[in-house]
Amino acid sequence: LIEKATAVMLKVFSWSAEAFTKRVLNERIHLLHAQKLCEKAKQIGYSSKKLLQLKVCMLECICSAMRDFETAKIYLSEIDEDLKNNFTLDPYYKALLILNRGFFESLYIPNYDKAIQHMREGLSILVNFEGYNEEKLRAISNLLQFYVLRGETDLAEEFVKKGQVL
């Protein structure tokens, strides 16, 4: 039953990160249902690759749009546990996870070295694919900002140029 419910919930999160985040912001009930589903799965010790993917999508909404870093911290921990249990993510979802981990590191902790490392890694995954320009631009703009905050304007300028190409 949880696997079928997960498949249904993934349909809500099936578009680009920007598109499904807008949808969830307009209809927050989708995120609430996904959170309840994850709670039930956790109660019975259930996990799967699809549930992991759903958690990454939820993390995208929680971090980037809602900026609820306390909840994000919980989902990051659960995601890490799933990854330790040998579940894997397809490249796009891996990139989203890494980008959100970088965003989390920049605002919640903040640790710009780790944030930059994560953003660069996530971006390096996305550049291998056509499309995903919104996600690429978000990574680029975050990197630009991190470098400016650190006074590394030459590196920031490098990302301005990359963003202009997209």
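In case you missed it, the structure is sitting above this.
Residues numbered from 1 in each chain as written. Predicted model: local features only at pLDDT ≥ 70, side-chain atom pairs only at ≥ 80, totals over all residues. Heavy atoms only, no water.

(A) The packing of helix 4 (residues 49–66) against helix 5 (residues 69–84), seen in detail. For the pair helix 4 and helix 5, interaxial distance at closest approach is 10 Å and the crossing angle is 160°. By the angle between their axes, helix 4 is roughly antiparallel relative to helix 5. As for the relative orientation of helix 4 and helix 5, their crossing is left-handed in sense. Seen from helix 4, the contacting residues are Leu52, Lys55, Val56, Met58, Leu59, Ile62 and Cys63; seen from helix 5, they are Phe69, Thr71, Ala72, Tyr75, Leu76, Glu78, Ile79, Asp82 and Leu83. Classifying every residue of the contact of helix 4 with helix 5 by side-chain character gives 12 nonpolar, 1 polar and 3 charged. (Axes fitted to C-alpha atoms, helices over the stretch in contact; angles between N-to-C directions. Helix = DSSP H or I, 4+ residues; strand = E, 2+ residues; numbered from the N terminus. Parallel < 35°, antiparallel > 145°, perpendicular 65-115°, else oblique. Left-handed = near helix turned anticlockwise from the far one by under 90°. Contact = heavy atoms within 4.5 Å. Nonpolar A, V, L, I, M, F, W, Y, C, P; charged D, E, K, R; others polar.)

(B) Geometry of the side chain of Arg101. With respect to the helices and strands, Arg101 occurs in helix 6 (residues 91–107). Judged by relative accessible area, Arg101 falls into the buried class, the value being 16%. (Buried < 20%, exposed > 50% of the residue type's maximum accessible area, 1.4 Å probe, protein only.)

(C) Representation of helix 2 (residues 17–26). Turning to helix 2, its buried residues number three or more, namely Ala17, Phe20, Thr21 and Val24. One side of helix 2 holds all its buried residues, which, seen down the axis, span an arc of 105°. Elements in contact with the buried residues of helix 2: helix 1 (2–12), helix 3 (29–43), helix 4, helix 6 and helix 8 (133–149). (Arc of directions from axis to C-beta.)

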